[in-house]
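Observations on chain architecture
If you want the building blocks of each chain, they are given just below.
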Amino acid sequence: MAVPKRRHSKSRTRKRRSTYYNELEPPQLMECNNCGNPKVMHRACKHCGNYRGRQVIEPSDELIA
């Protein structure tokens, strides 16, 4: 079995990993059943504060901005 003769530097390893392991995907969005605005799945809606058909949080201007 082949074994590397020299150790790879940290920068070389991190450069390689950055292209594959650190790619972030945008969060999946769905339409809110109450107000119709896009919201992150499995989270309360920022605009109306509803989650699974009931009021969970009070909507505020700070959450929407």
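Everything below is about the structure shown above.
Overview of the structure.

Reading the values: rules and limits
- Residues numbered from 1 in each chain as written.
- Predicted model: local features only at pLDDT ≥ 70, side-chain atom pairs only at ≥ 80, totals over all residues.
- Heavy atoms only, no water.
- Helix = DSSP H or I, 4+ residues; strand = E, 2+ residues; numbered from the N terminus.
- Rg over C-alpha atoms; globule rule 2.2 N^0.38 Å.
- Disulfide = S-S within 2.5 Å.
- Buried < 20%, exposed > 50% of the residue type's maximum accessible area, 1.4 Å probe, protein only.
- Lys, Arg positive; Asp, Glu negative; His and termini not counted.
- Salt bridge = Lys/Arg side-chain N within 4 Å of Asp/Glu carboxyl O.
- Polar contact = N/O pair within 3.5 Å; in protein donor to acceptor, adjacent residues only side chain to side chain.
- Contact = heavy atoms within 4.5 Å.
- 1 Å grid on protein atoms, 1.4 Å probe; cavity = no way out; pocket = protein on both sides within 12 Å on 5 of 7 lines; lining within 4 Å.
- Points joined across faces, edges and corners; volume = space filled by probe spheres on them.
- Nonpolar A, V, L, I, M, F, W, Y, C, P; charged D, E, K, R; others polar.

Turning our attention to the overall build of the protein chain. Within the protein chain, the secondary structure is distributed over two helices and four strands. Counting from the amino terminus, the protein chain carries its helices and strands in the arrangement α-β-β-β-β-α. Taking 2.2 N^0.38 as the reference for a compact globule, 65 residues should give roughly 11 Å; the C-alpha atoms of the protein chain span a radius of gyration of 22 Å, well beyond that estimate. For the protein chain, the spread of C-alpha atoms along the three principal axes comes to 60 × 25 × 15 Å.

For the rest of this paragraph, the subject is the state of the cysteines. Within the structure shown, the criterion is met by zero disulfides. In this structure Cys35 is not part of a disulfide, and its nearest cysteine sulfur, from Cys45, lies 3.6 Å away. Residue Cys48 stays outside any disulfide, its sulfur separated by 3.7 Å from that of Cys32, the closest cysteine. The buried category is assigned to Cys48, whose relative accessible area is 12%.

On to the side chain of Lys39. Checked against the element boundaries, Lys39 lands in strand 2 (residues 38-40). Buried and unpaired, Lys39 has Glu31 as its nearest opposite-charge partner, separated by 11 Å. Engagement of the side chain of Lys39 in a polar contact is seen with the backbone oxygen of Arg43, the distance being 2.8 Å. With near-sequence residues (within four places) excluded, Lys39 lies in contact with Gln28, Leu29, Met30, Cys32, Cys45 and Tyr51.

Here we take up the environment of Pro27. Inspection of the secondary structure puts Pro27 in the loop between helix 1 (10-20) and strand 1 (29-31). For the pair Pro27 and His8, spaced 19 residues apart in the sequence, the C-alpha separation amounts to 34 Å.

Mapping Asn50 onto the fold places it in strand 3 (residues 50-51). Residues in contact with Asn50, not counting those within four places in the same chain, are Asn34, Ala44, Cys45 and Gln55.

Right, let's talk about the layout of surface pockets for a bit. In this structure, the largest pocket spans a volume of roughly 170 Å³. Met30, Cys32, Asn33, Asn34, Lys39, Met41, His42, Asn50, Tyr51, Arg52 and Gly53 together form the lining of the largest pocket. Grouping the constituent residues of the lining of the largest pocket by class yields four nonpolar, five polar and two charged.

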